[in-house]
Amino acid sequence: LYPVSLILLALALIIYLAWAAKNLIFFIKPPPDTALIMTGPGDKKTVHFTGATVWPLVNKKVFVPMPHLPVQILLLSSEALICRDNVHVETRVTFYLKLNAKPEDILTAIETMGLYDIYNVNAVSKKFKGPFVKALRDLAREMAFQQIINDRVMFCRQLAKTADVNLNGYKLLEVSLEYFKQI
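Residues numbered from 1 in each chain as written. Predicted model: local features only at pLDDT ≥ 70, side-chain atom pairs only at ≥ 80, totals over all residues. Heavy atoms only, no water.

1. Comments concerning the packing of helix α3 (residues 121–142) against helix α5 (residues 152–163)
Next up, step 1: The geometry of α3 relative to α5 is characterised by a closest axis approach of 9 Å and an angle of 130 degrees between their N-to-C directions. The orientation of α3 relative to α5 falls into the category oblique. As α3 runs across α5, the sense of the crossing is right-handed. Where α3 abuts α5, its residues F132, A135, L136, L139 and A140 lie against F155, Q158, L159, T162 and A163.
Next up, step 2: In terms of residue class, the contact of α3 with α5 is made up of 8 nonpolar, 2 polar and no charged. (Axes fitted to C-alpha atoms, helices over the stretch in contact; angles between N-to-C directions. Helix = DSSP H or I, 4+ residues; strand = E, 2+ residues; numbered from the N terminus. Parallel < 35°, antiparallel > 145°, perpendicular 65-115°, else oblique. Left-handed = near helix turned anticlockwise from the far one by under 90°. Contact = heavy atoms within 4.5 Å. Nonpolar A, V, L, I, M, F, W, Y, C, P; charged D, E, K, R; others polar.)

2. What about the state of the cysteines?
Next up, step 1: Per the counting criterion, the structure on display carries 0 disulfides.
Next up, step 2: Not part of a disulfide, C83 finds its nearest cysteine sulfur in C156, a span of 13 Å.
Next up, step 3: Classification of C83 by relative accessible area gives buried; the value is 3%. (Disulfide = S-S within 2.5 Å. Buried < 20%, exposed > 50% of the residue type's maximum accessible area, 1.4 Å probe, protein only.)

3. As for the packing of aromatic side chains
Next up, step 1: Throughout the structure, instances matching the rule amount to 7 aromatic pairs.
Next up, step 2: Ring centres 4.1 Å apart and planes at 20 degrees place the aromatic pair F95 and F132 in the stacked group. With F95 in strand β8 (residues 88–99) and F132 in helix α3, this residue pair connects regions lying 37 residues apart in the sequence.
Next up, step 3: On the accessibility criterion, F95 (0% relative accessible area) is buried.
Next up, step 4: Summarising the aromatic geometry, the rings of F145 and F180 are spaced 5.8 Å apart at their centres and angled 10 degrees between planes, so their arrangement reads as stacked. With F145 in helix α4 (residues 145–150) and F180 in strand β9 (residues 170–182), the pair connects residues that are 35 residues apart, well separated along the chain. Neither F145 nor F180 differs from the other in exposure class; each is buried. (Phe/Tyr/Trp six-rings, centres within 6.5 Å; stacked < 30°, edge-to-face > 60°.)

Everything listed here is a matter of coordinates, which is why it stays silent on function.
Right, here's the structure in full:
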């Protein structure tokens, strides 16, 4: 009986050490504000924020930073906004986006933009500039120039509500009206 229990104890110790070694060697933890995208068999992508076991021959790993992404809209001269009172306005508005920290949203962003473009400022700007300009023009058309000047905060809030539709895995953090001048 003694040799059998010793063998079982040794076997349990070997299994525990193998498990611990696996975690020490193959467990990858992403840095803060970064997601770990892991590709498994069949190119199935999974998203991890706290870490995952990555098998070198089976999985491919990519770290995706999740910074704030500014999308700047500059409308000057012939592209200027037209307010409800028919005043033409040059403007510069910056929309601040960030990847939503949910696995399904990050996977949606990857499908829409591609794995390496989801954190590229130029690619994100190109993707969202059209819808943001449309939202800006539509809202400016509903408001008078003096109304926008007097309540810029309300204008930015309304613009954020209008623009925050179907962002494909991103969330709109803030809208900043930086320049607004009648021409």
